[in-house]
Amino acid sequence: MASYRRFKPRIARPIEDPRPTPPPAAVVDAVLRFHDREDEQSSGFTLLRLSPERIRQREVKAALGDHAARAARVSILWNERESEIIRVLEAA
């Protein structure tokens, strides 16, 4: 009889997803409700953001909770004509 070697089974490693996680809905909602910076883009698009001063205000802190630092990096491209979000952007 042939002797068979016993091999250790391979341990499957989870595949890391290289894509960043999108910002939570609470952050997007807070930027829409409390934004104080509006930068006009082209064709009726506006970039909505929160300033550092606005993030430090009590009502904004209460809405954001632990996500205040992340909200400072989030911008929303807003379509004025259709009143809808075009894209949510987050700085690295």
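See above for the structure.
In short, a report on the structure. (Residues numbered from 1 in each chain as written. Predicted model: local features only at pLDDT ≥ 70, side-chain atom pairs only at ≥ 80, totals over all residues. Heavy atoms only, no water.)

Some words on the sheet that holds strand β3 (residues 74-79)
Strands sit in the order β1-β2-β3-β4 across an open sheet of four strands; the sheet is antiparallel. Two strands in the sheet have a free side with no partner beyond their single neighbour: β1 (37-40) and β4 (84-90). The average undirected angle you get between the axes of adjacent strands in this sheet is 25°. With four bridges joining them, strand β2 (residues 45-49) and β3 adopt antiparallel strand pairing. Bridged to L48 within β3 is I76. Sitting on the sheet, helix α1 (residues 25-34) touches β2, β3 and β4, and the angle it makes with β3 is about 60°. (Pairing = 2+ DSSP bridges. Helix = DSSP H or I, 4+ residues; strand = E, 2+ residues; numbered from the N terminus. Axes fitted to C-alpha atoms, helices over the stretch in contact; angles between N-to-C directions. Contact = heavy atoms within 4.5 Å.)

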